[in-house]
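Results of the structural survey
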Amino acid sequence: HPEIMGKPLLLLISVCLAVGAAATSASAASLRAPAPARVGDSLGKSCSQPRAGCEGNEGAGGVMRLRGGVEYYEERMDLDAAVKAMKQAIGILKKNKDAIWRYDMQFFREYLESFGAKIPTLEEMAEAREAEMEDGKTDTTDEQDHHKQSEEEEEEEEMLDEGDVVAEEEGDVDPKPDMGDSTKEPTDEDFAAAGEMKVKASEQAASGDVEAAIATYTDIVNLAPSAMVFASRGDCFLRMRKPVAAIRDAVRALEMNPDSAKAFKVKGKGEAMLGRWVAAVHDLNTGQSIDFDEATSELHHKVKEHSDRVLAKEAKKRAKELAKEAKEKEKELQRRKEEAIKRRKEQEEEEARAEMQDQTMPGGMPSGMPPGMEKVFSDPEIMAAMNKPKVMQAMMEMQTGGPSAMAKYMNDPEVMAALQLIQSKMGGMGR
């Protein structure tokens, strides 16, 4: 690793030798020192009366014992009191999780890690909090969206319950009525006959015989069609609740006369009957602007309320889509940023490795190292051990932290195994 191999490896060798010497001294001391006498029957119970060869010197929180020339201190805190204090401390930590990374909490972190616990970093804690907040916002948004959707569905049901909306497949007639021959030139006799039929059709419609009126208007269409005839027949189709047929006649009427107020009103009423509120408002607006009437104005006001709801719903939907697109773009930018940081980091590591190789002697051994060390540090087992993140971190701390850093990893089997492996390889150099 560049951060380890790039430093003088003599210091790393001294770390390994020091660890071995410390372990040897500890073993020798354990053989020489007598085992301390058992004091008290259980935790929190000390000798109230000195035994033979046992002298006590009580302090505020415990008692000092002397046995075989070895002085040691027995803690007198009751176990129940210790558990209670620990519960209080953990309760505070739960409310302020970042406090686990205080300098004076290192002993507690090491205690947890000795049981295999993994303590998240401050950055990981911050990301977790952000994720929880985002989940909360998502849940709230989903609940609000569901509530709004329910309200909109109720509004749509209210529209349907009014009986104004007709399904499109039920809004036409079969067979479809004649639309006339647009290439035919009516004669004077045709116009005269059509005039008489118009009076008849109007009387039929007024009396409520709508089907008869439609048949008469169809005869007129085949003789001398006009925009007014198509618009009048379309109005009869509306009375039969056949909005598709009515719209077809209104469109034909507007082809013949683009300024037909009645045709616009028939088309607008047909659109409203199909639930096409926005289109209905547009056609009714146009018809009323050409020829205003009170009856259509009342319908127009009612249809506009529905239209406004539809437009508001579409606006909210569009705003939501835009917000989603913006969020996706933000995520994509963040992803690209993270990728760029990752690539830059990889490039820096690659440059560091290249620089380290430039500073090494032939064979890959760092310059300034004693002959024979190449064999040790080219050993596959050593390289595999040194590539472990935990071992690399330990080596770096030992290089800079001295004895305290070394003591930190004395009971770590993975780190000690790597150090013992290096020691064994170094020991074989003289053979």
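These numbers were taken from a predicted model, which means no experiment stands behind them.

Quick notes on the pattern of salt bridges
Proximity of charged atoms lets side chains of opposite charge pair with each other. Evaluated as defined, the whole model comprises 21 salt bridges. Across the salt bridge formed by Arg 252 and Glu 255, the nearest N and O atoms sit 3.9 Å from each other. Remark: Glu 255 and Arg 252 occur in helix α9 (residues 243-256); sequence separation between them is 3 residues, near one turn of the helix. Here Glu 332 makes a salt bridge to Arg 335, at a shortest N to O gap of 2.4 Å. Residue Glu 332 and its partner Arg 335 are both found in helix α12 (residues 294-358); the two are separated by 3 residues, about one turn of the helix. With relative accessibility at 36%, the residue Arg 335 sits in the partly exposed group.

What about α9?
Across its 14 residues, α9 extends 20 Å between first and last C-alpha, which sits within 8% of the 20 Å expected from 1.5 Å per residue. Among all positions in α9, only Pro 243, Ala 245, Ala 246, Ile 247, Asp 249, Ala 250, Arg 252, Ala 253 and Leu 254 are buried. Contacts from the buried residues of α9 go to α8 (227-239) and α10 (261-273).

So, the confidence of the model for the chain
Chain-level pLDDT for the chain is 76 on average; 69% of the residues reach the 70-or-more range. Overall, residues 1-61 carries pLDDT values under 50, and its contacts beyond four positions in sequence, including any with other chains, amount to 89 contacts. Within the model, pLDDT remains below 50 along residues 360-368, and this stretch shows 13 contacts once partners closer than five positions in the same chain are excluded.

Re the packing of aromatic side chains
Two measures describe an aromatic ring pair: the distance that separates the ring centres and the angle between the ring planes. For the coordinates displayed, the defined rule picks out 2 aromatic pairs. Aromatic pair Phe 107 and Phe 108: ring centres 6.4 Å apart, planes at 50°, arrangement tilted. Classification of Phe 108 as buried rests on a relative accessible area of 16%. Residues Tyr 111 and Phe 115 carry aromatic rings whose centres are separated by 5.1 Å and whose planes lie at 75° to one another, so their mutual orientation is edge-to-face. Judged by relative accessible area, which is 63%, Phe 115 ranks as exposed.

Conventions we followed
Residues numbered from 1 in each chain as written. Predicted model: local features only at pLDDT ≥ 70, side-chain atom pairs only at ≥ 80, totals over all residues. Heavy atoms only, no water. Salt bridge = Lys/Arg side-chain N within 4 Å of Asp/Glu carboxyl O. Helix = DSSP H or I, 4+ residues; strand = E, 2+ residues; numbered from the N terminus. Buried < 20%, exposed > 50% of the residue type's maximum accessible area, 1.4 Å probe, protein only. Expected span 1.5 Å × (residues − 1). Contact = heavy atoms within 4.5 Å. pLDDT = per-residue confidence, 0-100. Phe/Tyr/Trp six-rings, centres within 6.5 Å; stacked < 30°, edge-to-face > 60°.

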